[in-house]
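As a plain string of letters, each chain reads:
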Amino acid sequence: MTMRISVFGTGYLGATHAAGMAELGHEVIGVDIDPAKIERLQRGEVPFFEPGLPELLRKHVESGRLRFTTDAAEAAEFADVHFIGVGTPQKKGSYAADMTFVDAVIDTLAPLLTRPAVILGKSTVPVGTAARLAARVRELAPVGDQAQLGWNPEFLREGFAVEDTLRPDRLVIGVESGREGRVEAVAREVYADAIARDTPFLVTDLPTAELVKVSANAFLATKISFINAIAEVCEATGADVMQLADAIGHDARIGRKFLGAGLGFGGGCLPKDIRAFMARAGELGVDRALTFLREVDDVNLRRREHVVSLVKRELGGSPVGRRVAVLGVAFKPESDDIRDSPALDVVGQLHLAGADVRAFDPEAMANAATVWPTITFADSAAEALADAEVVVVATEWKEFRGLDPHAVGDAVAGKIVIDARNCLPTEAWIDAGWRYIGMGRYAS
Ligand code: UDX
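Quick caveat: nothing in here was measured; it's all calculated off a predicted structure. (Residues numbered from 1 in each chain as written. Predicted model: local features only at pLDDT ≥ 70, side-chain atom pairs only at ≥ 80, totals over all residues. Heavy atoms only, no water.)

On to the environment of Lys-272, then. Residue position: Lys-272 is located in helix 12 (residues 270-283). On the accessibility criterion, Lys-272 (15% relative accessible area) is buried. For the pair formed by Lys-272 and Asn-217, sequence separation is 55 residues and the distance between their alpha carbons is 9.9 Å. In contact with Lys-272, other than residues within four places in its own chain, are Thr-88, Pro-89, Gln-90 and Thr-124. (Helix = DSSP H or I, 4+ residues; strand = E, 2+ residues; numbered from the N terminus. Buried < 20%, exposed > 50% of the residue type's maximum accessible area, 1.4 Å probe, protein only. Contact = heavy atoms within 4.5 Å.)

Here it is as structure tokens:
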């Protein structure tokens, strides 16, 4: 059945969700407080890089199934199901999540609900938020407890956001214990397509749904930091972390995914989510349960320092005035996102240490230049590489993995490559005469 849906927040999560819901056959209105963003989306333009999303957005804006507005009243009038997909960034000066945007959506939307409605939160929030918001909705909505709130965490990965939205690997719906109401039934209608494909559909209470999301991200972060910690030991012993990861990954209980040692995790989710999780555990008096996440964060940040120190070592100590090429500034390939990007951090640290850094990224340069206006961003990989004394591969874009080590060797001043993502064909680079330095594995 076609549902009338609104999505509050049109960032990575909200814009993708809105387009995805339209693709599933629903009628959708996206809402944001930023008029410039809304204008672009309404023209069928996606304000960030996400493969497949521009096509999907245009298709449904043109079909009329998807439109955008800054007017919350229009959305309240139109839709029966309201998704919250606004950001919960790290609070300035604290580990905690900033709930300003989520709270603002509830305070704007709830007073406009004059007929029965379901609100489904998707944003990643500290456990306990949903129960608080459910009570606030009841208090503010003219329709009272006919306005119901559930929590439906989102697990999409940037770069695969469309695929993850259309074909999720599981659906989790948190409902208020004792007041289950229509939330589950409405969620089943919204996701009828995925449910018909036997996608696991888990109904939980509100705190469990909230915790599922942060636990999943904490687990992924821990897995990455685990292999990066082992990489440190490999570096001290001459062992090879990639072979090690292959070997332990064959154990089905462990699995090979997310055992990619390198520069560590970044992005808009994992770093801030583990910090907000620690902050919330502290408030709940169970901080010791999550103190290990401090170590996870620490191992992760050490990878960036490690790469910077390798560059300095290869340059014989001081990097001042020395030409270094850094390939990649996005936090991962297929993304223009530089939030907490390990790659951009390396670029920034080298720049602050006085190196003459030339950085290039296929998609993230405009974003990077706003954060680091004093850094020289090259127009191409070739321009970044010209006369470099050391080359660092910091984001594993396909373009970089496929570079010809012979051609690059002719362009640079020194044939030293630091493969900070363990993504290059090692033998080919060594055969072409390069000094190759991988992460948690040998240096040639
Ligand atoms: C993540 C979660 O995967 C997703 O489920 C959640 O909804 C949001 O956070 P995303 O931030 O898009 O998604 O990135 P992801 O693909 O998980 O990668 C996170 C970071 O970990 C990247 O910086 C990546 O380079 C790094 N990473 C990933 C590794 O360093 N090693 C690995 O083996 C895997």
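Here the focus is the sheet that holds strand 9 (residues 323-327). The 6 strands are arranged 11-10-9-12-13-14 in an open sheet whose pairing can be described as parallel. For this open sheet the edge positions go to strand 11 (376-377) and strand 14 (435-438), each flanked by a neighbour on one side alone. Judged from the 3 bridges that link them, strand 12 (residues 390-393) and strand 13 (residues 416-419) form a sheet pairing that is parallel. Bridging from a neighbouring strand, Val-393 pairs with Asp-419 of strand 13. Against the sheet, helix 13 (residues 291-314) touches strand 9, strand 12, strand 13 and strand 14, its axis set at about 160° to strand 14. In the packing of helix 14 (residues 342-352) onto the sheet, contacts are made with strand 9, strand 10 (356-360) and strand 11, and the angle to strand 10 comes to roughly 160°. (Pairing = 2+ DSSP bridges. Axes fitted to C-alpha atoms, helices over the stretch in contact; angles between N-to-C directions.)

It is worth spelling out the site of the ligand at this point. Taken together, 20 residues surround the ligand, and among them Phe-155, Leu-156, Glu-158, Gly-260 and Lys-332 come closest. Lys-213 places a polar side-chain atom, nitrogen or oxygen, 3.1 Å from an oxygen atom of the ligand. Here an oxygen atom of the ligand sits 3.0 Å away from a polar atom, N or O, in the main chain of Phe-331. In the complex, 90% of the free accessible area of the ligand, which totals 680 Å², lies under the protein chains. Tallied by class, the residues present in the shell around the ligand amount to 10 nonpolar, 4 polar and 6 charged. Split by domain, the shell around the ligand shows at least three residues from each of two domains, domain 1 (4-199) and domain 2 (229-438). (Near = heavy atom within 4 Å. Polar contact = N/O pair within 3.5 Å; in protein donor to acceptor, adjacent residues only side chain to side chain. Areas by Shrake-Rupley, 256 points an atom, 1.4 Å probe, with all protein chains shown as cover. Nonpolar A, V, L, I, M, F, W, Y, C, P; charged D, E, K, R; others polar. Domains from an automatic or database assignment.)

Bringing the environment of Phe-155 into the picture now. Relative to the assigned elements, Phe-155 resides in the loop between strand 6 (147-151) and helix 7 (161-166). Look at Phe-155 and you get buried, because its relative accessible area is 18%. A sequence separation of 59 residues divides Phe-155 from Val-214, and the C-alpha atoms of the two residues are 10.0 Å apart. With sequence-adjacent residues up to four places away left out, Phe-155 is seen in contact with Asp-164, Arg-170, Val-172, Val-212, Lys-213 and Ala-216.

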